[in-house]
Amino acid sequence: MSAASNSSNGEHVAPSAGAIEIRNVTKIYDPDGVNVLAVDNCSLEIAPTEFCVIVGPSGCGKTTLLNAIAGFHEITRGEIALDRQTICRAGYTAPPGADRIVVFQNGALFPWSTVLNNVAYGPIVQGKVPAREARARAQGLLDELGLSDIGDRYPGELSSGMRRRAEIARALINDPKVLLLDEPFRAMDALTKGVAQEFLLQAYDRVRKTVFFITHDLEEALFLADRVVVMTTRPARIKYVLNVDFERPRTFRVRSSRRYLELKREVFAAVRDEATKAFEAGERELA
Amino acid sequence: MSIVNFTKVRKSVFSPTTLRGIISVVCLLAAWELGRHYHLPFLGAVPAPSEVLVALDRIMSDGKFWDHWLTSFVRVATGFVAAQIVGIPLGLAMAMNRFTHSFVFPSLEIMRPIPPLAWVPTAIIFWPTTESSIAFVIFLGAFFTVVLNALGGARNIDERHIRAAASFGSRPWDIFWKIVLPATLPSIFTGMAVGMGITWEVVVAAEMIAGKSGLGYFTWASYVGGNYPQIIIGMISIGIAGYLSSGLIRILGNVLTPWQRRF
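Please read all numbers here as calculations on a predicted model, not as lab measurements.

What counts and what doesn't
- The residue numbering used here restarts from 1 in each chain and proceeds along that chain's sequence as written.
- As a convention, the first chain written is A and the first ligand written is 1, with the rest following in written order.
- The predicted origin of the model limits local features to residues at a pLDDT of at least 70 and limits the giving and counting of side-chain atom pairs to 80 or more, whereas totals for whole chains, interfaces and linings rest on all residues.
- Where helices and strands are cited, they refer to DSSP runs of H or I of at least four residues and of E of at least two residues respectively, numbered from the N terminus.
- With C-beta atoms placed from the backbone, a residue is labelled by how many other C-beta atoms lie within 10 Å of its own: buried for 20 or more, exposed for 12 or fewer, partly exposed between the two.
- A pair of residues counts as a contact when their C-beta atoms, built from backbone coordinates, are separated by no more than 7 Å.
- With axes taken as lines fitted to C-alpha atoms, and helix axes fitted only over the stretch in contact, angles between N-to-C directions fall between 0 and 180 degrees.
- Angle categories: roughly parallel below 35 degrees, roughly antiparallel above 145, roughly perpendicular from 65 to 115, and oblique for all the rest.
- Left-handed describes a crossing in which the near helix is turned anticlockwise from the far one by less than a right angle; the clockwise case is right-handed.
- When residues are sorted by character, Ala, Val, Leu, Ile, Met, Phe, Trp, Tyr, Cys and Pro go into the nonpolar class, Asp, Glu, Lys and Arg into the charged class, and all the rest, Gly among them, into the polar class.
- By definition, a nonpolar core groups buried Ala, Val, Leu, Ile, Met, Phe, Trp, Tyr and Cys residues that are joined through C-beta atoms within 7 Å.
- Here the rule is simple: two strands pair whenever DSSP picks up at least two bridges between them.
- Looking down the strands as they point away from the viewer, one classifies a crossover as right-handed if the path from the first strand across the helix to the second runs clockwise.
- A helix's residues, less one, multiplied by 1.5 Å, set its expected span.
- Bend, in this description, refers to the angle at a residue between axes fitted to the seven residues ending there and the seven starting there.

**Student:** Got a minute to help me understand the overall build of chain B in this structure?
**Tutor:** The number of helices and strands found in chain B is 11 helices and 0 strands. The helix and strand sequence of chain B, counted from the amino end, reads α-α-α-α-α-α-α-α-α-α-α. In terms of overall dimensions, chain B has a C-alpha envelope of 75 × 55 × 35 Å along the principal axes. Looking at chain B residue by residue over its 263 residues, the buried ones come to 32%. For chain B, long-range pairs separated by at least 24 residues make up 72% of all intrachain contacts whose partners lie at least 6 apart in sequence.

**Student:** What is the right way to look at the packing of helix α9 (residues 172-210) of chain B against helix α10 (residues 215-224) of chain B in this model?
**Tutor:** Packed helices, taken two at a time, are described by the angle between their axes plus the distance between the axes. All names here are of chain B. At a minimum axis separation of 7 Å, α9 and α10 run at an interaxial angle of 50°. Taken together, the axes of α9 and α10 lie oblique to each other. Considering only the axes of α9 and α10, their crossing is right-handed. In this structure, α9 contributes Val-203, Val-204, Ala-205, Ala-206, Glu-207 and Met-208 to the contact, and α10 contributes Leu-215, Gly-216, Tyr-217, Thr-219 and Trp-220. Residue classes in the contact of α9 with α10 are distributed as 8 nonpolar, 2 polar and 1 charged.

**Student:** What am I meant to see in the nonpolar core here?
**Tutor:** In summary, soluble globular proteins display a tendency toward joint burial of nonpolar side chains. Within the largest apolar cluster, 130 residues are counted, with the highest numbers of intra-cluster contacts made by Val-228 of chain A together with Ile-138 of chain B. Other than its neighbours up to four places away in sequence, Val-228 of chain A contacts Val-53, Val-55, Ala-221, Leu-222, Leu-242, Val-244 and Val-267 of chain A. In terms of nonpolar packing, the next biggest core, distinct from the first, is built from 5 residues, Val-52, Ile-231, Ile-232 and Ile-233 of chain B among them.

**Student:** How do you make sense of the sheet that holds strand β3 (residues 51-55) of chain A when you look at a structure like this?
**Tutor:** Strand pairs in the sheet, formed through backbone hydrogen bonds, run parallel or antiparallel to each other. Residue and element names in this part refer to chain A. The 6 strands lie next to each other as β7-β8-β9-β3-β10-β11, forming an open sheet whose pairing is mixed. Of all the strands in the sheet, just β7 (100-103) and β11 (238-243) have a single pairing partner and so form its edges. Across this sheet, the average inter-strand angle for adjacent strands is 15°, counted without regard to direction. Two elements, β7 and strand β8 (residues 178-182), share 4 bridges in a ladder whose sense is parallel. By the bridge assignment for β8, Ile-101 is matched with Leu-179.

**Student:** Honestly, the pairing of strand β5 (residues 85-89) of chain A in this entry has me stumped. Any pointers?
**Tutor:** Looking down a regular strand, the side chains alternate between one sheet face and the other. Residue and element names in this part refer to chain A. Here strand β4 (residues 77-82) pairs with β5 via 4 bridges, running antiparallel. Bridge assignment links Glu-79 to a residue of β5, and that residue is Arg-89. The hairpin formed by β4 and β5 contains 2 residues between the paired strands, and Asp-83 there has a positive phi angle of roughly 50°. A loop of 2 residues connects β5 with strand β6 (residues 92-93), the two strands running antiparallel in sequence, and Gly-91 in this loop sits at a positive phi of about 85°.

**Student:** Just to check I follow, could you spell out unusual backbone geometry for this structure?
**Tutor:** Most of the time, phi is negative for any residue but glycine, and the peptide bond is trans. Residues and elements named next belong to chain A. With an omega of -5°, the peptide bond running from Arg-248 to Pro-249 counts as cis. Along the chain, Pro-249 falls in the loop between β11 and α8 (258-280). Unlike most non-glycine residues, Asp-175 shows phi in positive territory, near 50°. The topology assignment puts Asp-175 in the loop between α5 (160-172) and β8. One non-glycine residue with positive phi stands out, namely Glu-183, at about 40°. Here Glu-183 shows up in the loop between β8 and α6 (190-207).

**Student:** What should I look at first to understand the interface of chain A and chain B in this one?
**Tutor:** By convention, interface size is frequently given as the accessible area that disappears when the constituent parts associate. Tallying the contact residues gives 21 residues for chain A and 15 residues for chain B. Of all the secondary structure elements, the ones that give two or more residues to the side of chain A that touches chain B are β7 and α3 (115-126) of chain A. A total of 4 residues in the side of chain A that touches chain B trace back to one element, the largest contributor, which is α3 of chain A. When its residues are assigned to classes, the side of chain A that touches chain B shows 14 nonpolar, 5 polar and 2 charged.

**Student:** Help me out: how do you make sense of the pairing of β8 of chain A in this one?
**Tutor:** All names here are of chain A. Burial analysis of β8 places 5 of its 5 residues in the buried class, which makes it a mostly covered element. On β8, burial covers both faces: Val-178, Leu-180 and Asp-182 on one face and Leu-179 and Leu-181 on the other are all buried. Where β8 meets strand β9 (residues 210-215), 5 bridges bridge the pair, whose relative direction is parallel. From the neighbouring strand, Val-178 faces β9, where its bridge partner is Thr-210. The handedness of the β8 to β9 crossover, carried by α6, is right-handed.

**Student:** What exactly am I supposed to notice about helix α7 (residues 130-155) of chain B here?
**Tutor:** Along an α-helix, a turn takes 3.6 residues, which lines up residues three or four apart on a common side. Residues and elements named next belong to chain B. Taking 1.5 Å as the rise per residue, α7 with 26 residues should run 38 Å; its terminal C-alpha atoms sit 38 Å apart, in good agreement. Remark: the principal bend of α7, roughly 30°, maps to Ala-142. When you tally the buried positions in α7, you get 21 out of 26 residues, the bulk of the element.

Pasting the structure below:
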């Protein structure tokens, strides 16, 4: 892991890759001839290595945006570029690739492979290094992230928190430009979630990738993000953007600071309307 | 990590459940023996366990008896393996490719409800030797279950696994061998276990009609020859043979899908 190893000196290497530009993106689903406007004219620029958290009610269209960046979905109008290169526009979607790795909701480790083989999967199928070396690198990364012991375990034997950590390791080994996380810590209990979030922050401090993180949990957003982008209920529009200026590396102590409370108050006030609207529309979950 | 956990085996052998099982079998045998002894209705006509044991003692040293076992095993293995070789790839192909599915599925569904035994006359006419007719009927017994389980398993693959694999740069080849196949293996083994049971039902019936050897033939010939204790020996042999074959499949399944083991 070249990217992982050159970060331990504390200096962050000037990043050159991982800029995402989302320009006027609209997505209309058309099931059975009924147009459903999922994303309405969204524009957002994410700087290289920025930790950008998208907050919005479940089903608001934020996952649609993530799927478009990942190459799983088409968009109806607009354009998405990664490092100035168009990866998504009407009628064209760049196929999924190792430069944009997704960590899925509820996790998607391969249950039939041990954690080590899961982590080594990317390098092995990419064929750049022999399988043995790929496994050695995977073990090295697991060691580095404090997951040495679970290499020979199957995902089914692990707790949800451990599985999520292993999955983050599986994403990082590919040295992606962008890490796409789709509510990765959803449905975890508060304590496990806290530990998993800190793990993600530590990993982020090591490798400094651009992160596109989706959640409906405002507190999680504040704790993790450089910038929080609040979206409206469907159709998804950008409602509110908040810069979060806590220093990194962050620990759980951030959450009891005065500044955190101020930001929390600010963002909660800003999204209150949206929460009410979502609530009345019968949608689930906002923060 | 050994495949057989001896502590667990010992615990399960000397457990209340085992004791109850033994009691159940002993009661059955006692009822049977006494029923014969006191000429109870229905049971009176059946040879008693003691008579069966005497007959068994005689027949165990007879090499022909074991030849019947071997013959049936070979037939089952042939038909069963053939069913896997044809059925698994066909099921997977149907799951992966809509064209294959729409082309094959209707014919398959028309043939599936036909009992394998109804194929016996056609099989005898169609195949050059009795042996191949019997193997074909056994093949049919396992085939449909195997196809449908492979198809169902491969169709139910979690879309996120496919997407994740695509993100990591998998070629279609990798997706098939490293995602679709392992994800489908548990259902394939379910199909195998069920299919194995059906093959034993079929082999016996096919041998009764068309064979000159095998456990099914042995059972039927004992009836025709009026050797009633031997009928019972034949029946129990078939039961044990089926149990052993399913056990083999289970062990194979445990070895090949280690992530499915309960910890």
